Amino acid sequence: MLAAVLYRLRVTYEKIHDTRFISHLDMTNALNRAVRRARMPVAYTEGFSPRPRTAFGPPLPLFVEGEHELADIELAEQVDPAHLIASCNEVLPAGIRLLEGAYVPGKAPSITASILEATYRVEVKEGTWGVTQQLLDETLARTEIPITKESKGTRKVVDIRPAILSLSMEGDYILHARVEASPT
């Protein structure tokens, strides 16, 4: 039996406002439902409980908005990305929106393997939090920032300094951080 040709569409989406309160699993369910409601030819896994063949980038923690998140949707037929995006956006809940999409080769690395860095914007609404550009500059000047990491009952010390690419302040209450986000 010949394997079916599948088309992998990598989409960029945003999860903002009230949808920051939904979990990663709920996000995946919302996109899978939208693709089905938009009547897109999504491919399904085989077996007893077939599921849409979709894959998502690293999960966002609860209460965190994402403005440039990635997901792969495998399709049984090639569809114009703009048509898929418009059709899905009509049925997605407010706060979740597909922004753009493009086909990637079947042998392309997974989303997680493709992401090399992440950018965070942390905003404090009120009060004093003690973070200043001087403190960030001192942090960046350090050669090591050891932290203790616990995994499966074992502890080890890890130097996180090489993973911090940049830190900066915008005004007094907004921190911008760019960090390494590779699978390793």
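Located above this text is the structure these notes cover.
The following paragraphs examine the structure supplied in this document. (Residues numbered from 1 in each chain as written. Predicted model: local features only at pLDDT ≥ 70, side-chain atom pairs only at ≥ 80, totals over all residues. Heavy atoms only, no water.)

### Quick word on helix H2 (residues 81-91)
Considered for burial, the residues of H2 that qualify are Pro81, Leu84, Ile85, Ser87 and Cys88. The inward-facing, buried residues of H2 abut strand E1 (7-15), helix H1 (24-37), strand E3 (66-75) and strand E4 (96-104). (Buried < 20%, exposed > 50% of the residue type's maximum accessible area, 1.4 Å probe, protein only. Helix = DSSP H or I, 4+ residues; strand = E, 2+ residues; numbered from the N terminus. Contact = heavy atoms within 4.5 Å.)

### Focus on empty space enclosed by the protein
Applying the stated criterion across every chain, the model contains one cavity of 30 Å³ or more. The calculated volume of the largest cavity comes to roughly 40 Å³. Lining the largest cavity are Tyr13, Lys15, His24, Met27, Gly57, Pro58, Pro59, Leu60 and Glu69. Listed by contribution, the elements that provide at least two residues to the lining of the largest cavity are E1 and H1. For the lining of the largest cavity, the residue count by class is five nonpolar, two polar and two charged. (1 Å grid on protein atoms, 1.4 Å probe; cavity = no way out; pocket = protein on both sides within 12 Å on 5 of 7 lines; lining within 4 Å. Points joined across faces, edges and corners; volume = space filled by probe spheres on them. Nonpolar A, V, L, I, M, F, W, Y, C, P; charged D, E, K, R; others polar.)

### Some details on a nonpolar patch on the surface
Nonpolar side chains collect at one region of the surface, where Phe21, Leu62 and Phe63 lie side by side and expose about 330 Å² of accessible area between them. By the secondary structure assignment, Leu62 is in the loop between strand E2 (54-56) and E3. (Patch = residues over 30% accessible without salt bridge, like charges linked within 9 Å, V, L, I, M, F, W, Y side chains within 5 Å. Areas by Shrake-Rupley, 256 points an atom, 1.4 Å probe, with all protein chains shown as cover. Salt bridge = Lys/Arg side-chain N within 4 Å of Asp/Glu carboxyl O.)

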